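# Chains, contacts and geometry: an overview
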Amino acid sequence: MSHILITDDERDIRELIGDILKDEGYEVRLAANSEECIQSVTEARPALMILDIWLKDSNMDGIDILKKVKRDMPEVPVVIISGHGNIEIAVAAIKQGAYDFIEKPFNIDQLTVVISRAMETSRLRRENSELRRKDVSTSEMIGVSATFKALKSQLEKVTKSNSRVMLTGPAGAGKEVAARYIHANSNRASAPFISVNSASIAPDRMEEVLFGRESGERGIEPGLLEEANGGILYFDEIAEMPLGTQSKILRVLVDQQFQRVGGTDKVNVDIRVISSTNRDLQADIAAGTFRQELYHRLNVVPVHVPGLQERREDIPVLAEHFIQSFNATQGLPQRDFSGEAQALMQTMDWPGNIRQLKNVVERILIMGDGSGPIDVKELPQQDSVMPDEGRVVLSGGLATLPLREARELFEREYLLTQINRFGGNISRTATFVGMERSALHRKLKSLGVVTANKAGARVAYIEDPVD
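From a predicted model like this one, the values you see are computed outputs, not experimental measurements. The numbering scheme is per chain: residues are counted from 1 as the chain's sequence reads. In keeping with the model being predicted, local features are shown solely for residues with a pLDDT of at least 70 and side-chain atom pairs are shown and tallied solely at 80 or more, while totals for entire chains, interfaces and linings include all residues. Computation of side-chain values: all heavy atoms of the structure, hydrogens and water removed.

## So, the pattern of salt bridges
The test is simple: We define a salt bridge as a side-chain nitrogen of Lys or Arg found within 4 Å of a carboxyl oxygen belonging to Asp or Glu. Going along the chain from the N terminus, every DSSP run of H or I of four or more residues is numbered as a helix, and every run of E of two or more is numbered as a strand. Only protein chains enter the area calculation, which uses a 1.4 Å probe; residues under 20% of their type maximum are buried, those over 50% are exposed, and those in between are partly exposed.
Following the criterion strictly, the structure yields 22 salt bridges and no others. As a salt-bridge pair, Lys104 and Asp52 come within 3.4 Å of each other at their nearest N and O atoms. Taken together, the residues Lys104 in the loop between strand 5 (100-103) and helix 5 (108-133) and Asp52 in strand 3 (residues 48-52) connect sequence positions 52 residues apart. No difference in accessibility class separates Lys104 from Asp52, as the two residues are buried. What you see here is one network of salt bridges that share partners, running through Asp8, Glu10, Asp52 and Lys104.

Here you go:
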């Protein structure tokens, strides 16, 4: 997208403008009427257009061409020129999306300044778009556990297809990272990745944000669907989308076209849709808050993104990754977690999952003394059994039980946590807790703890008693 397209029915004018721009170092193409203009635009998208309002021997005038160009390629700036200039024509052109209006006979210096500014504006918009497209920092998948490897294997299978993917999992588990990973490794990687946070957009503005709008006062304002054309549109927390918008999105998925709010023309798009939710959409369908037809359109390939509870082995690796990242981006100290701190983090509850872990690491690096390993005392306290200067602090529930019941409950929860911390590996668990493997097996059996493969990993859980 490097040339300027000049469309004017007066040969002397278009050649004069072309020669001037060539002297300024621009590549130019010329068109004498609307047919040549549309053909040229179709063959190669220009960086900028200079367009005369009145075109002899043409099926379309300049305003008609302007409307079509701003509908199909809104990022291309258009400078309107006319020998019959008046305020009404200028206002109409600007409302339809023209960058500027210049009246003939024009001043050469004025024309070159307007073109230079328009090209710079277009360049900045393209660079901004490219930066959004190349945002790969949040597409890096980090982990070593069997659960993580199973997730990554599933994601790799869907990267090269064009199928719609539904990502499910708890808040903060990294569903958007998974979506960006699909994008970064797909054949749409060079195209946009546009994220729509369904929960953060007011319901009465949802359609305007998605579909864009057309008005006489402000012209054409593209929406997120147009921004995502050719790439991926990611609906974060799709369950939060209003019912009325759901039906219109369903139509877009079927037809790959839509109308802007206030507009009448159909806008065609080529987008791949990835959605996510932490809700039970089947329950929402039963409650009448989510459309079943939309669910089936979006849930072509379901992928579960596990929370930290299902991948405790990855906690030290993720924490180390966040330390490296904060050091590189914010200059925070590069410290290591002590072995005791790592072990404790793997046993802690993380209701906010990876997002919460990242926040905790950042807070420790900011508030810590900046030297030496991060120890247990710097970790946030939780209502559980916690080390405190050689003592253990009991939770209220555990403190109310008789010794035998409390001991059994503690042993069960302790061993469950350790087994899951080591990804279901009994040998590593036995080594850490200081028991023979056979003794550990007997203890687990007496406590009703069993292990089984779930979601590609071996996990421990309490076996339900048989009635």
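## As for the pairing of strand 10 (residues 232-236)
Under the convention used in this document: By definition, two strands form a pair when at least two bridges between them are found by DSSP.
Buried residues dominate strand 10, accounting for five of its five residues. Burial along strand 10 is two-sided: the residues Ile232, Tyr234 and Asp236 and Leu233 and Phe235 are all buried. As judged from the five bridges shared by strand 7 (residues 193-197) and strand 10, these two strands associate in the parallel manner. When the bridges of strand 10 are listed, Val196 appears paired with Phe235. Note that strand 10 and strand 13 (residues 272-277) share four bridges and pair parallel. Counted as the bridge partner of Phe235 is Ser275 from strand 13.

## Points about the sheet that holds strand 6 (residues 165-168)
Operational definition: Note on method: axes are straight lines fitted to C-alpha atoms, helices fitted across the in-contact stretch only, with angles between N-to-C directions ranging 0 to 180 degrees.
Judged by pairing direction, the sheet is parallel, and its five strands sit side by side in the order 7-10-13-6-14 without closing on themselves. Of all strands in the sheet, those with a lone pairing partner are strand 7 and strand 14 (301-304), marking the two edges. Neighbour-to-neighbour, the strand axes of this sheet turn through a mean angle of 20°, independent of strand direction.

## Looking at the sheet that holds strand 1 (residues 3-7)
Two strands in a sheet stick together by hydrogen bonds in their backbones, pointing the same way (parallel) or opposite ways (antiparallel). Sheet architecture is open: five strands sit in the order 2-1-3-4-5, paired in parallel fashion. The sheet terminates laterally at strand 2 (27-31) and strand 5, the two strands that pair on one side only. Strand-to-strand twist in this sheet, taken as the mean axis angle between neighbours without regard to direction, amounts to 20°. As defined by bridge partners, strand 4 (residues 78-82) adjoins strand 5 across four bridges and the pair is classed as parallel.

## Concerning the packing of aromatic side chains
Here is the rule we go by: Classification of ring pairs rests on two measures: the distance between centres of Phe, Tyr or Trp rings, Trp counted by its six-membered ring, which must be within 6.5 Å, and the angle between planes, read as stacked under 30 degrees, edge-to-face over 60 and tilted in between.
All told, the structure shown has four aromatic pairs when counted by the stated rule. Where Phe193 meets Tyr234, the ring centres are 5.9 Å apart and the plane angle is 25°; that geometry is what we call stacked. Of this pair, Phe193 sits in strand 7 while Tyr234 sits in strand 10, and the two are 41 residues apart along the sequence. Phe193 gets classed as buried once you look at its relative accessible area, which sits at 4%. With a centroid separation of 5.7 Å and an interplanar angle of 55°, the aromatic rings of Phe422 and Phe432 are classed as tilted. One end of the pair, Phe422, is in the loop between helix 17 (403-421) and helix 18 (426-433); the other, Phe432, is in helix 18, with 10 residues separating them in the sequence. The class for Phe422 is buried, based on a relative accessible area of 10%. Its relative accessible area of 40% is what places Phe432 among the partly exposed residues.

## Overview of the packing of helix 18 against helix 19 (residues 437-447)
Packed helix pairs are specified by the crossing angle of their axes together with the interaxial distance, meaning the distance between the axes. Filter applied, for reference: Convention used here: angles under 35 degrees read as roughly parallel, angles over 145 as roughly antiparallel, angles from 65 to 115 as roughly perpendicular, and any remaining angle as oblique. Two residues qualify as a contact provided that any one of their heavy atoms is within 4.5 Å of a heavy atom in the partner residue. Gly falls in the polar group here, along with every residue not listed as nonpolar (Ala, Val, Leu, Ile, Met, Phe, Trp, Tyr, Cys, Pro) or charged (Asp, Glu, Lys, Arg).
It is at 9 Å that the axes of helix 18 and helix 19 come closest, and there the two elements cross at 100°. In terms of axis orientation, helix 18 runs roughly perpendicular to helix 19. Contacts from Ile426, Ser427, Thr429 and Ala430 in helix 18 reach Arg437, Leu440, His441 and Leu444 in helix 19. For the contact of helix 18 with helix 19, a count of residues per class yields four nonpolar, three polar and one charged.

## Observations regarding the confidence of the model for the protein chain
Cut-off, in case you're wondering: pLDDT is defined as a per-residue confidence score from the predictor, taking values between 0 and 100.
Per-residue confidence for the protein chain gives a mean pLDDT of 85; residues scoring 70 or more make up 89%. Ranking the elements of the protein chain by mean pLDDT puts strand 15 (residues 386-388) last with 47 and strand 6 first with 97. In the model, residues 383-388 has pLDDT below 50 throughout and makes 14 contacts with residues more than four positions away in sequence or in other chains.

## Let's talk about the pairing of strand 4
For strand 4, the tally of buried residues reaches five of five residues, placing the bulk of the element in the interior. In strand 4, alternate side chains face the same way, and those of Val78, Ile80 and Ser82 on one face and Val79 and Ile81 on the other are all buried. In this sheet, strand 4 lies alongside strand 3 in parallel orientation, the contact comprising four bridges. The residue bridging Met49 from the neighbouring strand is Val78, located in strand 4.

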